[in-house]
Amino acid sequence: MRIARFSIDGNVAFGAVEGDRPDELVLDIIKGIPFAEFELSGTKVPLSKVRLLPPVLPNKVVAFGRNYAEHARELGNEVPDAPFAFFKPSTSVIGPGDEIQYPSFTEDLHHEAELAVVIGRMCREVPRERVKDVIFGFTCANDITARDVQKREKQWARAKGFDSSCPLGPWVETGLDLQAASDLTIQLTVNGEQRQLGRTSEMIHRIEDLIVNITEAMTLLPGDVILTGTPAGVGPLNVGDEVAVTIEGIGTLTNKVVKRG
């Protein structure tokens, strides 16, 4: 099931996305929230009549760096022996169609296409064999990075945590299991030109490893998001660019870069 979060006539709701053709998609409005038992209302609205929002509002976004060997090498970094995490604040999250605002403090803004894992229940110290039980679903993400700032500052808070640096969407796909999610095509285009192309099977540390690693240290809450790393091919974005992340079995997340006003 594809679960979207959207607004219509000033109201915000969740809905199940139905249909296959982009011009015929409809939303069946959900009664309640999708992280608990819910029912479909039977009230349907065309997707074209709503504004899609970030599919979740995470308490925290936990991102894992250098989790694809070729990406680590393309930036001159060593391949890490163990997962290492950083955070993107909730204020960095935007949804499909929202604008990525090019910050004034960088001259080298980069795209990074990523598979995002959405957590479905409160969890801590999750054993590997139980990881599947805490996952709500998967969505597309773009870990927008001020690369020059990342290189000169020891902490990545500003380089990766600025407003609009975490596009998510277009919805959460709940029908993928861990095995399927571990071998999906992930690609990114800028103005229709392919920049990144890889498979999630190229991850150094698997999805299970990442969730085990971070829940050893902290509690994850429903709606929290795990970014699993980016394949090779990262590169610059300019004002006016349209950047799109497409992940097999999930969908396409599209955003435009604008100058921060």
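Before reading further, recall that the structure is shown in the block above.
The structure reproduced in this document is the subject of the present report. Since we're looking at a predicted model, the values are computed, not measured. (Residues numbered from 1 in each chain as written. Predicted model: local features only at pLDDT ≥ 70, side-chain atom pairs only at ≥ 80, totals over all residues. Heavy atoms only, no water.)

## A short note on the pattern of salt bridges
- Tallying each qualifying case throughout the model produces 16 salt bridges.
- A salt bridge links Lys44 to Glu18, with the shortest nitrogen-to-oxygen separation between them at 3.0 Å. Note that Lys44 is positioned in strand 4 (residues 39-46) and Glu18 in strand 2 (residues 11-18), a separation of 26 residues in sequence.
- The partly exposed category is assigned to Lys44, whose relative accessible area is 48%.
- Under the relative-accessibility criterion, Glu18 is labelled partly exposed at 25%.
- For Arg199, the salt bridge goes to Glu248, with nearest N and O atoms at 3.5 Å. Of this pair, Arg199 sits in strand 16 (residues 193-199) while Glu248 sits in the loop between strand 19 (242-247) and strand 20 (251-259), placing them 49 residues apart in sequence.
- A residue is classified by how much of its surface remains accessible, and Arg199, at 29% relative accessible area, is partly exposed. (Salt bridge = Lys/Arg side-chain N within 4 Å of Asp/Glu carboxyl O. Helix = DSSP H or I, 4+ residues; strand = E, 2+ residues; numbered from the N terminus. Buried < 20%, exposed > 50% of the residue type's maximum accessible area, 1.4 Å probe, protein only.)

## Observations regarding the environment of Thr185
- Looking at where Thr185 falls in the secondary structure, it is placed in strand 15 (residues 185-190).
- Along the chain, Thr185 and Ile204 lie 19 residues apart, while their C-alpha atoms are 16 Å from each other.
- Excluding anything up to four places from it in sequence, Thr185 contacts Leu197, Gly198, Arg199, Thr246, Ile247 and Glu248.
- A polar atom in the side chain of Thr185 sits 2.5 Å from the side chain of Arg199. (Contact = heavy atoms within 4.5 Å. Polar contact = N/O pair within 3.5 Å; in protein donor to acceptor, adjacent residues only side chain to side chain.)

## Some details on the sheet that holds strand 19
- Within the open sheet, the five strands sit side by side as 9-20-19-15-16. Their pairing is mixed. The open sheet has two edge strands, strand 9 (99-102) and strand 16, and neither has a second partner. Recorded for the sheet is a direction-independent mean angle of 20 degrees between the axes of neighbouring strands.
- Two elements, strand 9 and strand 20, share four bridges in a ladder whose sense is parallel. Residue Ile100 lies in a different strand from strand 20, and its bridge partner there is Val257. (Pairing = 2+ DSSP bridges. Axes fitted to C-alpha atoms, helices over the stretch in contact; angles between N-to-C directions.)

## Some points on the side chain of Asp143
- You can see Asp143 is positioned in the loop between strand 12 (135-142) and strand 13 (145-146).
- A polar contact is formed between the side chain of Asp143 and the side chain of Lys160, at a distance of 2.7 Å.
- With near-sequence residues (within four places) excluded, Asp143 lies in contact with Phe86, Lys88, His110, His111, Glu112, Glu114, Lys160, Ser165 and Leu227.

## Section: the nonpolar core
- Ile135, Phe138, Ile207, Ile211, Ile226 and Ile247 are the most contacted members of the largest nonpolar core, which has 44 residues in total.
- Counting 19 residues, the second-largest nonpolar core is a separate cluster that includes Phe14, Val61, Trp156 and Leu227. (Core = buried A, V, L, I, M, F, W, Y, C linked by side-chain atoms within 4.5 Å.)

## Some details on the sheet that holds strand 18 (residues 235-236)
- Strands sit in the order 13-10-18 across an open sheet of three strands; the sheet is antiparallel. Both edges of this open sheet fall to strand 13 and strand 18, since each of them pairs with a single strand only.
- In the sheet, strand 10 (residues 109-111) pairs with strand 13 via two bridges, with the strands oriented antiparallel. Bridging across to strand 13, His110 finds its partner in Thr145.

## So, the packing of aromatic side chains
- The full count for this structure, using the stated rule, is four aromatic pairs.
- Ring geometry for Phe35 and Phe136: centres 4.9 Å apart, planes at 55 degrees, overall tilted. Taken as a pair, Phe35 in the loop between strand 3 (26-31) and strand 4 and Phe136 in strand 12 lie far apart in primary sequence, 101 residues in all.
- The partly exposed category is assigned to Phe35, whose relative accessible area is 26%.
- Phe136 sits in the buried class, given a relative accessible area of 14%.
- A centroid spacing of 6.0 Å and a plane angle of 80 degrees characterise the contact between Phe105 and Phe162, whose relative ring orientation is edge-to-face. Here Phe105, found in the loop between strand 9 and strand 10, pairs with Phe162, found in the loop between helix 4 (157-161) and strand 14 (166-173); they are 57 residues apart in sequence, far enough to count as distant.
- Note on Phe162: relative accessible area 6%, which makes it buried.
- An aromatic cluster is present here, built from Phe84, Phe86 and Trp156 joined pairwise through their rings.
- Its guanidinium or amino end placed over the ring of Phe105, Arg158 lies 4.8 Å from that ring's centre, counting from NZ or CZ. (Phe/Tyr/Trp six-rings, centres within 6.5 Å; stacked < 30°, edge-to-face > 60°. Lys NZ or Arg CZ within 6 Å of the ring centre and 35° of its normal.)

Keep in mind that these numbers describe shape and distance, not what the molecule does.
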